[in-house]
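One letter stands for each residue in the lines below.
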Amino acid sequence: MFSLNVLYFSIIFAAQTSKSEIMNVNWILIIVIGVVGMLVQWKLKSVFAKFSKVLSPGGLTGAQIAQKMLNDNGIYDVQVTCIKGQLTDHYDPTKKTVNLSEDVYRSNSVSAAAVAAHECGHAVQHKEGYAPLRMRSALVPAVSISSKLSMIVIIIGLLIMNVFPALFWLGIAMFAMVFLFSVITLPVEFNASRRALAWLQSSTSLSEKEISGAREALNWAAGTYVVAALSSLASLVYYIGLGSNRK
Ligand SMILES: [Zn+2]
């Protein structure tokens, strides 16, 4: 997801060191991507709200959709569970659980079907050993540390740039890892949605009209991942520029 933290720190740095033209252009780019990110998030929420009101008459709930899609793909060792919160739905490969938020779990709306099938798309990826998902899972431990510490390492690195420049570049390497993660997330997410829509169609779980609604909702969800990747790329370029300026 798009990180407001990145934007926040970028603004602070920009205010301090808006010396060169290139840095200013990059700073503007980060702001623009930040605003686009917020608009995409807002659109995603409104599209999901719209299609959560479009009920599939006599259709299956999100939980039933998930169970059916798993079984149709020969998956019997993955649990479908109900979790708290909104848009908290995710597949957990370590516990082998498709975790659906309460709204998705119980509802027979087009949104619920789309989300449930998407999360099962990840379970199918896991079963098939889909390479981008394997890479993404392998990066999780390093990325969870890097995303927490990279910013502080970059800041301290900038402060002691003249004495010990290696620290700054360590911070950059850590942030590059976060960027790489956001890029690998793209094929994983697009592919899960593609699998979801193909199954919803072949299993006739949704009508043609309902499937186009599900596609619209999933496309906006994918949009948030594209914005997140662009945002971390812009930030990465910006931080590298900061270090180069200080030399
Ligand atoms: Zn996903």
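Overview of the structure. (Residues numbered from 1 in each chain as written. Predicted model: local features only at pLDDT ≥ 70, side-chain atom pairs only at ≥ 80, totals over all residues.)

## Looking at the packing of helix α7 (residues 165–202) against helix α8 (residues 208–246)
Thought 1: Relative to each other, α7 and α8 sit at 170 degrees, their axes nearing to 9 Å. Accordingly, the angle class assigned to the pair α7 and α8 is roughly antiparallel.
Thought 2: Taken together, the residues that form the contact of α7 with α8 break down as 24 nonpolar, 6 polar and 2 charged. (Axes fitted to C-alpha atoms, helices over the stretch in contact; angles between N-to-C directions. Helix = DSSP H or I, 4+ residues; strand = E, 2+ residues; numbered from the N terminus. Parallel < 35°, antiparallel > 145°, perpendicular 65-115°, else oblique. Nonpolar A, V, L, I, M, F, W, Y, C, P; charged D, E, K, R; others polar.)

## With respect to the environment of Arg136
Thought 1: By secondary structure assignment, the location of Arg136 is in helix α6 (residues 131–159).
Thought 2: According to the C-beta neighbour criterion, Arg136 is buried, with 22 such atoms within 10 Å.
Thought 3: Considering only alpha carbons, one finds Arg136 and Phe181, 45 residues apart in sequence, at a separation of 6.5 Å.
Thought 4: Those residues within four positions of Arg136 in sequence are excluded, and the remaining contacts are Phe181, Ile184, Thr185 and Val188. (Buried ≥ 20, exposed ≤ 12 C-beta atoms within 10 Å, placed from the backbone. Contact = placed C-beta atoms within 7 Å.)

## Notes on unusual backbone geometry
Thought 1: Unusually for a residue other than glycine, Leu87 sits at a positive phi of about 55 degrees.
Thought 2: Within the element layout of this structure, Leu87 appears in the loop between β1 (79–83) and β2 (90–92).
Thought 3: Its identity as a non-glycine residue notwithstanding, Lys96 has a phi of 55 degrees, on the positive side.
Thought 4: Position of Lys96 among the secondary structure elements: in the loop between β2 and β3 (97–101).

## Some points on the sheet that holds β3
Thought 1: The mixed open sheet is built from 3 strands, whose spatial order is β1-β3-β2. Either end of the sheet is taken by a strand with one partner, and the two such strands are β1 and β2. When strand polarity is set aside, the average angle formed by the axes of neighbouring strands in this sheet is 30 degrees.
Thought 2: Relative to β3, β1 is paired through 5 bridges, and the arrangement is parallel. Among the inter-strand pairings, Ile83 is bridged to a residue of β3, identified as Ser101.
Thought 3: Helix-sheet contacts for helix α3 (residues 62–72) involve β1 and β3, and the interaxial angle to β3 is about 160 degrees.
Thought 4: Where helix α5 (residues 110–128) meets the sheet, it contacts β2 and β3, and its direction lies at approximately 160 degrees from that of β3. (Pairing = 2+ DSSP bridges.)

## Focus on the packing of α5 against α7
Thought 1: Interhelical geometry of α5 versus α7 gives an angle of 115 degrees and a closest axis separation of 7 Å. Of the two possible hands of crossing, α5 and α7 adopt the one that is right-handed. Contacts between α5 and α7 pair Ala113, Ala114, Ala117, His118, Cys120, Gly121, His122, Val124 and Gln125 from the former with Val188, Asn191, Ala192, Ser193, Arg195, Ala196, Trp199 and Leu200 from the latter. (Left-handed = near helix turned anticlockwise from the far one by under 90°.)

## What to know about the nonpolar core
For soluble globular proteins, the rule of thumb is that nonpolar side chains tend to be buried together.
Thought 1: Grouped together as the largest cluster of nonpolar side chains are 58 residues, with contacts concentrated most on Ala66, Ala113, Ala114, Ala116, Ala117, Cys120 and Ala214.
Thought 2: If sequence neighbours within four positions are ignored, Ala114 has contacts with Ala196, Ala214, Ala217 and Leu218. (Core = buried A, V, L, I, M, F, W, Y, C linked by C-beta atoms within 7 Å.)

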